Amino acid sequence: MTRIRITDEEALAFHLEPTPGKFEIRATVPMTTQRDLSLAYSPGVAVPCKAIAKDPETAYDYTNKGNLVAVISNGTAVLGLGNLGALGSKPVMEGKAVLFKRFADVNSIDIELDTEDPDAFCQAVKLMGPTFGGINLEDIKAPECFIIEQRLKEEMDIPVFHDDQHGTAVICAAGLINALHLTGKKIEDVRIVLNGAGAAGIACLELLKSMGARHDNCIMCDTKGVIYQGRTEGMNQWKSAHAVKTELRTLEEAMKGADVFLGVSAKGAVTQQMVIDMAPDPVIFAMANPDPEITPEQAHEVRPDAIVATGRSDYPNQVNNVLGFPYLFRGALDIHARAINDEMKIACAQALARLAREDVPDEVALAYGKNLTFGRDYIIPTPFDPRLIHRIPPAVARAGMDTGAARRPIIDMEAYELSLKSRMDPTASILRGLNTRARAAQARMIFAEGDDPRVLRAAVMYQRSGLGHALVVGREDDVKRKLEAAGLADAVGELEIVNAANTSHLATYKDFLYNRLNRKGFDAQDIHRLAARDRHVFAALMLAHGHGDGLVTGATRKSAHALERICHVFDADASHGAVGITALLHKGRIVLIGDTLVHEWPEAEDLATIAERAAQVARHMGLEPRVAFVSFSNFGYPMSERAEKMHRAPAVLEQRGADFEYEGEMTVDVALNEKAQASYPFSRLTGPANILVVPARHSASISVKLMQEMAGATVIGPILVGVDKPIQIASTVSTANDILNMAVLASCKIG
Ligand SMILES: NC(=O)C1=CN([C@@H]2O[C@H](COP(=O)(O)OP(=O)(O)OC[C@H]3O[C@@H](n4cnc5c(N)ncnc54)[C@H](OP(=O)(O)O)[C@@H]3O)[C@@H](O)[C@H]2O)C=CC1
Ligand SMILES: CC(=O)C(=O)O
Ligand SMILES: [Mg+2]
């Protein structure tokens, strides 16, 4: 697996841009008119207030309570970094909140409480109860976390769940079920050593014991070594419950002959010698974050037979509570649960373990960049597995209903599973799939505008994300200076800087260009100027000669200018069938619009070509194309000279025998809205269109920019399609991330 390298600067920039932090709040109701205001606020709001006061259960209907979880910490055990204080924990808590949203569509807000006093903490959380459907406690150190959770559970009527305890325990149990399955060992027989007797450690051991692990077979260690019966130093009642009668005193001694090591302690707590001393087929879950007790490389170096997992995303087998808390809460919220009980946790662990043993669908393999099959390097589902959202919450909800935790049981489980499937944003998986394909392609990407800091940052990201090799066209001293100014001084040696002065191919490039342009009014002097001084042309020449696999340009000059320069080297104009397609991503929907780049005023034949090219892009993105030729009229009414070509384009596609759905002409609402479509039952579209072919470039540009500015849609493109080699043209307002996206598209050869 390619390890993704990130620098401290990148981590800070990620948190700083586009706005400080990781999320914001959006209204789900219209707030534009006087009427909206009267309904959302005074006087309309009085009606649900009175209804809730009369019947508190209706809060789940009239407020966001039922899908809102608080992530609450006091920052006393932030990951494995120790006590960083309430404010110091905020980035982790914001992170948990966005994970809730991303993976299970649970709205979540982080709350950092500035107290280490359990009484004050409980009092604050308890008072917040009415606001939330659930409370996720996070990164509170032991033993206070046990006292806090216990008390809040008793005093609150919504699920209170300490993620570091139970989230971790559930995932650890799921992973262990499968690791033991692979090694043929039984939980009743294995010798388990657990390092870290805190929140995570105590909960892990408790859950494993409830699943059959034998007390005498489990040795728990902390900073003072083995927790044995009679030990007095650094003890508390929760540790005492796991003390065993033993002569062992150190972790080193305990590891001799152990079958399983579970680490929820600190970086580097395990040595290679300890791993050497373990029993055959040892299971090692080094779960400390961000750095594990021992790295998989170190463990495998001395024990190739080990099954190793960590808490990190950049190694196989990620045993991290991110696989649990989003889905546990999703299931609990959907039954308006009073609590998340042990049965719900065990159901979650078993469902996760089962899922990992099943056949992995292609889309997961695509997102992960390799085929995953149940085995030593795949004992637990990956966080990006799209099946998690519709497989885990139903298991949790069912267990909650069976054990009396549900306030509002789910009647139709099948419908519930379907609703879970449609909750998640399909655009995310498309973007992820493209990234994975790019990573597999390992393309040498030419970034033509090495004098622009955004381009340089994109090139560095491209290379450091393991997408391939970045070739930057620019002057060495200039690139170096700009990288240093961007805080990326260490990237200077990583990028390959290319220019007319340091290439050995300039003469070949000039000959090629001369042959293409000598009858278009360009003399030798013009050719030299273009090849040696114009970076768009130089970069295109590199690409044409195979000195790179793809090209990104257009961040510093208008796209029309960049395209005109590229046309000197490639047949990238309308007459050769080149087309620009822009993807709009908004509210979980993807719509492609064309032509946004090449054809100024396409005729019916050109419109058919645009549809074909767009269909090609859609299929590359994993979408089944449905094309609508859009205008201001529907199927010939009102008649207009301007709409006529849109009316004729479908017939052209029919003649060409197009193998995708297309229809027109129609208005945009009929194209995109199923209900509006129902008025035209003869239409050949079987659902809302995902490709809009518009009458001209101005209407394309207006539509895209309107969606971007008014609706906040994500825009990818224009994607240049129909040229021999992958070339993508960014725009002058592109961010470094947009430019990186263009490089990914070029790398996937979408175009
Ligand atoms: N992968 C995952 O999903 C999760 C991983 N974790 C990781 O687990 C670790 C502990 O978290 P948490 O339980 O919340 O923290 P706590 O502060 O509650 O507990 C930490 C425990 O680890 C022990 N410890 C610390 N350093 C060492 C060491 N070098 N050797 C032996 N024991 C040690 C402490 O011992 P003592 O009692 O003597 O002070 C204490 O018992 C962190 O690294 C965290 O990132 C936590 C939750 C989820
Ligand atoms: C993953 C997690 O919650 C932790 O390391 O604390
Ligand atoms: Mg945590």
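Here the structure is a predicted model, which is why all the values come from computation and not from measurement.

Draft legend 1. Region of the structure containing the pairing of strand E17 (residues 626–630). For E17, the buried fraction is high: 5 of the 5 residues fall into the buried class. Burial of the side chains of E17 extends over both faces: Arg626, Ala628 and Val630 are buried on one face and Val627 and Phe629 on the other. The pairing of E17 with strand E18 (residues 661–666) spans 5 bridges and is classified as parallel. Looking across to E18, one finds that Val630 is bridged to Met666. Here E17 pairs with strand E19 (residues 691–693) via 3 bridges, running parallel. Paired with Ala628 across the strands is Leu692, a residue of E19.

Draft legend 2. Just the pairing of strand E1 (residues 68–73), in detail. Summarising burial for E1: 5 of the 6 residues are buried, a large majority. For E1 and strand E2 (residues 107–112), the ladder comprises 6 bridges, and the chain directions are parallel. Each bridged residue has a counterpart across the sheet, and for Ser73 the counterpart in E2 is Glu112. Pairing analysis gives 4 bridges linking E1 to strand E3 (residues 134–137), with the strands arranged parallel.

Draft legend 3. Quick look at the UniProt feature "domain: Malic enzyme N-terminal" (unreviewed entry) in the protein. Those places that UniProt annotates as "domain: Malic enzyme N-terminal" (unreviewed entry) correspond, in this numbering, to residues 20–153. A helix fraction of 44% and a strand fraction of 12% characterise residues 20–153, whose end C-alpha atoms lie 34 Å from each other.

Draft legend 4. Structural context of the nonpolar core. Residues Cys204, Cys348, Leu352 and Val396 are the most contacted members of the largest nonpolar core, which totals 120 residues. Taken together, domain 1 (8–163) and domain 2 (166–422) each give at least three residues to this core, which thus spans both. In contact with Cys348, not counting residues within four places along its chain, are Val170, Gly324, Tyr327, Leu328, Ile392, Ala395 and Val396. Phe570, Ala583, Met742 and Ala743 belong to the second largest nonpolar core, which has 107 residues in total.

Draft legend 5. Representation of the site of ligand 2. Lining the immediate environment of ligand 2, one finds Leu79, Asp139, Asp163, Asp164, Asn289, Gly311, Asn320 and Asn321. Split into classes, the residues belonging to the shell around ligand 2 amount to 1 nonpolar, 4 polar and 3 charged.

Draft legend 6. Structural context of unusual backbone geometry. Looking along the chain, the bond that leaves Glu17 and enters Pro18 is cis, with omega of 0°. In this structure, Pro18 sits in the loop between helix H1 (8–16) and helix H2 (34–40). The omega torsion across Ala142 and Pro143 is 0°, close enough to zero to call that bond cis. Within the secondary structure, Pro143 sits in the loop between E3 and helix H8 (144–155).

Draft legend 7. Just the sheet that holds strand E7 (residues 225–226), in detail. Strand order in the open sheet made by the 6 strands is E7-E6-E5-E8-E9-E10, with mixed pairing throughout. The sheet is open, and its two edges are formed by E7 and strand E10 (307–310), each paired on a single side. Across 4 bridges, strand E5 (residues 192–195) lies against strand E8 (residues 260–263) in parallel orientation. Across the sheet, residue Leu194 finds its bridge partner in E8, namely Leu262. Where helix H9 (residues 163–183) meets the sheet, it contacts E8, strand E9 (283–286) and E10, and its direction lies at approximately 160° from that of E9.

Draft legend 8. How the structure looks around helix H26 (residues 559–566). All of the buried residues in H26 are Ser559, Ala562, Leu563, Arg565 and Ile566. In a view along the axis of H26, the buried residues occupy a sector of 160°, so they form one face of it. Considering only its buried residues, H26 is in contact with helix H25 (535–544), strand E14 (550–553) and strand E21 (727–729).

Draft legend 9. Main features of the confidence of the model for the protein. On average, residues of the protein carry a pLDDT of 93, and 97% of them reach 70 or more. The complex prediction reports pTM at 0.73, with the ipTM value standing at 0.98.

Draft legend 10. Just the packing of H9 against helix H10 (residues 199–210), in detail. Taken N-terminus to C-terminus, the directions of H9 and H10 make an angle of 50°; their axes are 8 Å apart at the nearest point. With respect to H10, the element H9 is oriented oblique. Like other packed secondary-structure pairs, H9 and H10 cross with a definite hand, here right-handed. Between H9 and H10, the contacting residues are Asp164, Gln165, His166, Thr168, Ala169, Cys172, Ala173 and Leu176 on the first element and Ala199, Ala200, Ala203, Cys204, Leu207 and Leu208 on the second.

Draft legend 11. Summary view of helix H32 (residues 736–747). Over its 12 residues, H32 runs 16 Å from end to end, which matches the ideal 16 Å to within 8%, given 1.5 Å per residue. Most of H32 is tucked away, with 10 of its 12 residues classed as buried. All of the buried residues in H32 are Ala736, Ile739, Leu740, Asn741, Met742, Ala743, Val744, Leu745, Ala746 and Ser747.

Thresholds, definitions, all that
Within any chain, residue numbers begin from 1 and follow the written order of that chain's sequence. In the order they appear in the text, chains get letters beginning with A and ligands get numbers beginning with 1. Reporting in this predicted model follows two pLDDT cut-offs: at least 70 for local features of residues, and 80 or more for side-chain atom pairs to be given and counted; totals over whole chains, interfaces and linings ignore these cut-offs and use all residues. Each residue is classified by how many other C-beta atoms fall within 10 Å of its C-beta atom, where C-beta atoms are placed from the backbone; a count of 20 or more means buried, 12 or fewer means exposed, and values in between mean partly exposed. The helix count covers DSSP runs of H or I at least four residues long, the strand count covers runs of E at least two residues long, and both are numbered beginning at the N terminus. Strand pairing is defined by DSSP finding a minimum of two bridges between the two strands. UniProt positions are given in the numbering used here, feature names are shortened, and annotations may be inferred rather than shown by experiment. For our purposes the nonpolar core covers buried Ala, Val, Leu, Ile, Met, Phe, Trp, Tyr and Cys residues that link as a set through C-beta atoms within 7 Å. These domain boundaries are the output of an automatic or database domain assignment. Each residue is represented by a C-beta atom placed from its backbone, and any two residues with such atoms within 7 Å are regarded as in contact. Whether a residue is near a molecule or strand depends on its C-beta atom, placed from the backbone, lying within 6 Å of it. We call Asp, Glu, Lys and Arg charged. Ala, Val, Leu, Ile, Met, Phe, Trp, Tyr, Cys and Pro are nonpolar, and the rest, Gly among them, are polar. To obtain an axis, a line is fitted to C-alpha atoms, over the contacting stretch when the element is a helix, and the angle between two such axes runs from 0 to 180 degrees between their N-to-C directions. In this description, one arc is meant: the one made by directions from the helix axis to the C-beta atoms. Confidence scores labelled pLDDT are given residue by residue by the predictor and lie between 0 and 100. Should an angle lie under 35 degrees it is considered roughly parallel, over 145 roughly antiparallel, and from 65 to 115 roughly perpendicular; all remaining angles are considered oblique. Helix crossings get a hand from a simple test, with the near helix turned counterclockwise from the far one by less than a right angle marking a left-handed crossing and a clockwise turn marking a right-handed one. Each helix should span, by expectation, one fewer than its residue count multiplied by 1.5 Å.

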